[in-house]
Amino acid sequence: MTTETRITTIADRLLAAYDGGHLVELPSAQPPGLTLAQAYAVSQRIAQLRLARGEQAVGWKIGFTNRSIWARYGVHAPVWAPVWSSTAALVGGDGAEDGNSDKHDEMTLSLAGLSQPRLEPEIVFGFDSAPRAGMSLQELQGCINWVAHGFEIVHTHYADWRFTPPDAVADLGLHGRLRVGPRVPVQDWATLADDLSALRVELLHDGVVKDQGRGAVVLDGPLHALKHWIDTMVVTTPWWQVNAGDWVTTGTITDAWPLEPGQCWQTRLSDSRLSALTLHTVA
């Protein structure tokens, strides 16, 4: 079997697993293994198949930017994948109510079709113009229209959340769903990078704090993670680029927590400019 044929076969198998919600064997465990470059080729093939069937890409997810969980998952560098109109949605309006840190934008999410889903509280950016590699943080901010708090629901089609980095990339970057809270303009946010690095996030399950983290755990901060990714993807996946209008979610600030129907998850944020979120799960 040629490398190109094998990439197509793996892509078909993983897209079928995504559509059917069933588990598959690790591609890396099947001879001759799977390199990271091959995994991104699988991801690109899956993207082509999804576009061909009418799905639209709305942006990107960056995964494994949180250094504190690298050892747990056996992944030691970020990965990324497209985000789709069929998986992502905006929640609420534009901007948090002034000074109201207790405001929660509520949503209900069906877990149907997701495989071993987990919840990740993240920071999401919306682009006004296309960035380029090598930009400073200030220059990069100049390309951004808005920032928001969001929930990414990640999932995997491998048993027990056991995989290698190439497996994670090939499995659609582990992306399941993305819900983006109220968007806050960044044009006049002079200390955006530092404020997002200092952001404290508490994650509550049914009113009890389950986890907490600071923005700095995400490669020194969400804007820093964004810059690192843009500088890296031009080398690793030069066929992909960020365009005006794209959304990018930058990785979880806490650990990823398993989801089941009938749960209520909430966040508390230290910066009242960003809206906290409440998520209710149903089957």
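Remember, it's a predicted structure, so these values are computed and weren't measured experimentally.

**Re helix H2 (residues 36–52)**
- End to end, H2 covers 24 Å across 17 residues, agreeing with the expected 24 Å (1.5 Å per residue, within 8%).
- For H2, the full list of buried residues reads Ala39, Tyr40, Val42, Ser43, Ile46, Ala47 and Arg50. The buried residues of H2 all sit within an arc of 150 degrees when viewed along its axis, so they share a single face. Set apart from the buried face of H2 by more than 90 degrees, the exposed residues are Ala37 and Ala52.
- Looking at the buried residues of H2, the elements they touch are helix H1 (3–20), strand E2 (79–84), helix H5 (165–170) and helix H7 (222–236).
- With its phi angle positive at about 105 degrees, Gly54 sits one or two positions after the end of H2.

**Quick look at the pattern of salt bridges**
- By the definition in use, this model includes 10 salt bridges.
- With a shortest N-O distance of 2.9 Å, Glu55 and Arg53 are connected by a salt bridge.
- The exposure class of Glu55 is buried, given its relative accessible area of 11%.
- The salt bridge involving Asp220 is made with Arg67; its shortest N-O contact spans 3.3 Å. With Asp220 in the loop between strand E10 (208–214) and H7 and Arg67 in the loop between strand E1 (57–63) and helix H3 (70–73), the pair connects residues that are 153 residues apart, well separated along the chain.
- The class of Arg67 is partly exposed, set by a relative accessible area of 39%.
- Among the charged side chains, a salt-bridge network with shared partners connects Asp19, Arg50, Arg53 and Glu55.

**Some words on the nonpolar core**
- One finds Val147, Leu226 and Trp229 to be the most contacted residues of the largest nonpolar core, which totals 63 residues.
- Among the elements that line this core, the one with the most residues is H1, at seven residues.
- For Trp229, the contacting residues outside a window of four places in its chain are Trp60, Ile62, Trp80, Val242 and Val248.
- Core analysis: the next-biggest nonpolar cluster, separate from the first, contains 13 residues, Val91, Leu109, Leu119 and Phe151 among them.

**Topic: the pairing of strand E14 (residues 276–282)**
- Of all seven residues that make up E14, five are buried, and the element is covered over most of its length.
- Between strand E13 (residues 264–269) and E14, which pair antiparallel one after the other, the connecting turn spans six residues.

**What about the sheet that holds E10?**
- The sheet built from five strands is open, its strands ordered E4-E14-E13-E9-E10 with mixed pairing. For this open sheet the edge positions go to strand E4 (104–110) and E10, each flanked by a neighbour on one side alone. Ignoring strand direction, the axes of neighbouring strands in this sheet form an average angle of 20 degrees.
- Relative to E13, strand E9 (residues 200–205) is paired through five bridges, and the arrangement is antiparallel. Directly across from Val201, in E13, lies its bridge partner Leu269.

**Quick look at the confidence of the model for the chain**
- Overall, the predicted model of the chain reaches an average pLDDT of 95, with 96% of residues at or above 70.
- A low-confidence stretch, residues 96–101 (pLDDT under 50), is modelled with 11 contacts involving residues beyond four sequence positions or located in other chains.

**Observations concerning the packing of H1 against H2**
- At a minimum axis separation of 9 Å, H1 and H2 run at an interaxial angle of 60 degrees. Judged on the interaxial angle alone, H2 and H1 are oblique. Here H1 and H2 pass one another in a crossing that is right-handed. Along its contact with H1, which presents Thr3, Arg6, Ile7, Thr8, Ile10, Ala11, Asp12, Leu14, Leu15 and Tyr18, the element H2 presents Gln38, Ala41, Val42, Arg45, Ile46, Leu49 and Arg50.

Parameters and conventions
Residues numbered from 1 in each chain as written. Predicted model: local features only at pLDDT ≥ 70, side-chain atom pairs only at ≥ 80, totals over all residues. Heavy atoms only, no water. Helix = DSSP H or I, 4+ residues; strand = E, 2+ residues; numbered from the N terminus. Expected span 1.5 Å × (residues − 1). Buried < 20%, exposed > 50% of the residue type's maximum accessible area, 1.4 Å probe, protein only. Arc of directions from axis to C-beta. Contact = heavy atoms within 4.5 Å. Salt bridge = Lys/Arg side-chain N within 4 Å of Asp/Glu carboxyl O. Core = buried A, V, L, I, M, F, W, Y, C linked by side-chain atoms within 4.5 Å. Pairing = 2+ DSSP bridges. Axes fitted to C-alpha atoms, helices over the stretch in contact; angles between N-to-C directions. pLDDT = per-residue confidence, 0-100. Parallel < 35°, antiparallel > 145°, perpendicular 65-115°, else oblique. Left-handed = near helix turned anticlockwise from the far one by under 90°.

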